[in-house]
Amino acid sequence: MIELIPAIDLIDGKCVRLTQGDYDTKKVYNEDPLEVAKMFEAHGIRRLHVVDLDGARQGRIINYRVLEKLATRTSLIIDFGGGLKQEDDLEIAFESGAQMVTGGSIAVKNPEVFTSWITKFGSEKIILGADAKDKKIAISGWEETTKEELIPFIGGYCDKGITKVICTDISRDGMLQGPAIDLYKEIRDALPFIYIIASGGVSSIEDIEKLAEAGIPAVIFGKAIYEGKIDLKDLLRFT
């Protein structure tokens, strides 16, 4: 059964979504992220992906108070990402209630630091964020595309102990045009032991079913819920 992980993206403490990572496309869906999280919880959801978009831009954790509220007032298992650059940021995230953190840009720009996090906190608490454009890694809130090839990049961190990766195809994120299933299959075939969390493009319950049929273990989705393309009741069949 595929693991369902709704996303809450935060700017100024509010629940928002961007299109293809572009901050100029910001749309506020709810002033109160806790209300959204409780809605998910009421429909059988157990996991939550929280992204601090302010933090991603500023390079340090910003919305930890919101994280703390989500963690203390729901029973959801939360992974948290966005702007985590220093060990102090991780300490704040974990103290605020995150069970896992996601590192993306840091894993590219400062692999020594990211690897030290795996060693210190344990691979079960560190998720690799691998955002890709044309199979190349993109960083800094997707404002910069690198020359790093996606699959070798993930494979390198598998060798260092990483067991979970969130992979987002930027070209599909927020577009509601369907997930990059062929890309996820390619990763799965190349790295069969990695726990792939597909992200980006989910537009319907059928998209989630197709990912499940393809053997992808987990999926992050957000805009399809907020835009009413997926009814929360439809998720109950997966929980």
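Residues numbered from 1 in each chain as written. Predicted model: local features only at pLDDT ≥ 70, side-chain atom pairs only at ≥ 80, totals over all residues. Heavy atoms only, no water.

Participant: So what's going on with helix α3 (residues 64-73)? Which residues, and what values?
Facilitator: Here α3 has its buried residues at V66, L67, L70 and A71. Projection of α3 onto a plane perpendicular to its axis shows the buried side chains occupying an angular sector of 130°, all on one side. Turned more than 90 degrees from where α3 packs its buried face, R65 and T72 sit exposed. Buried residues along α3 sit against β1 (3-11), α1 (33-42), β4 (47-52), β5 (77-81) and α4 (87-95). (Buried < 20%, exposed > 50% of the residue type's maximum accessible area, 1.4 Å probe, protein only. Helix = DSSP H or I, 4+ residues; strand = E, 2+ residues; numbered from the N terminus. Arc of directions from axis to C-beta. Contact = heavy atoms within 4.5 Å.)

Participant: Explain the pairing of strand β8 (residues 136-139) residue by residue, including any values.
Facilitator: Bridging between strand β7 (residues 126-133) and β8 involves two bridges; their strand directions are antiparallel. Considered in β8, the bridge of K133 is made with K136. What sits between the antiparallel neighbours β7 and β8 is a turn of two residues, in which D134 has the positive phi angle 55°. (Pairing = 2+ DSSP bridges.)

Participant: Requested: an account of the environment of H43, with residues and values cited.
Facilitator: Position of H43 relative to the elements: it lies in the loop between α1 and β4. Sequence separation between H43 and C158 is 115 residues, and the spatial gap between their C-alpha atoms is 33 Å. Dropping the residues within four chain positions of it, H43 is found in contact with L232, K233, L236 and T239. Engagement of the side chain of H43 in a polar contact is seen with the backbone oxygen of M39, the distance being 3.0 Å. (Polar contact = N/O pair within 3.5 Å; in protein donor to acceptor, adjacent residues only side chain to side chain.)

Participant: Describe in detail the pattern of salt bridges, supporting the description with residues and values.
Facilitator: In the structure shown here, the tally under the stated rule is 13 salt bridges. One salt-bridge network, in which partners are shared between bridges, spans E3, R47 and D79. (Salt bridge = Lys/Arg side-chain N within 4 Å of Asp/Glu carboxyl O.)

Participant: I'd like to hear about the side chain of D79, residue by residue, with values.
Facilitator: Locating D79 in the fold gives a position in strand β5. Assessed through its relative accessible area of 0%, D79 is described here as buried. Among the polar contacts listed, one links the side chain of D79 to the side chain of T102, at a separation of 3.3 Å. Setting aside residues up to four positions removed in sequence, D79 forms contacts with I5, R47, L48, H49, V50, M100, T102, I127 and I166.

Participant: Now, about the environment of D231: what can you tell me, with residues and values included?
Facilitator: Of note, D231 is situated in the segment after α10 (223-226). For D231, a relative accessible area of 40% corresponds to the partly exposed category. C-alpha separation for the pair D231 and Y195, spaced 36 residues apart in sequence, amounts to 26 Å. A distance of 2.9 Å separates the side chain of D231 from the backbone nitrogen of K233, its partner in a polar contact.

Participant: Summarise the side chain of S96; cite the residues concerned and give the values.
Facilitator: With respect to the secondary-structure elements, S96 resides in the loop between α4 and β6 (100-103). A distance of 2.7 Å separates a polar side-chain atom of S96 from the backbone oxygen of I92. For S96, the residues in contact, after removing those within four places along its chain, are Y64, L67, E68 and A71.

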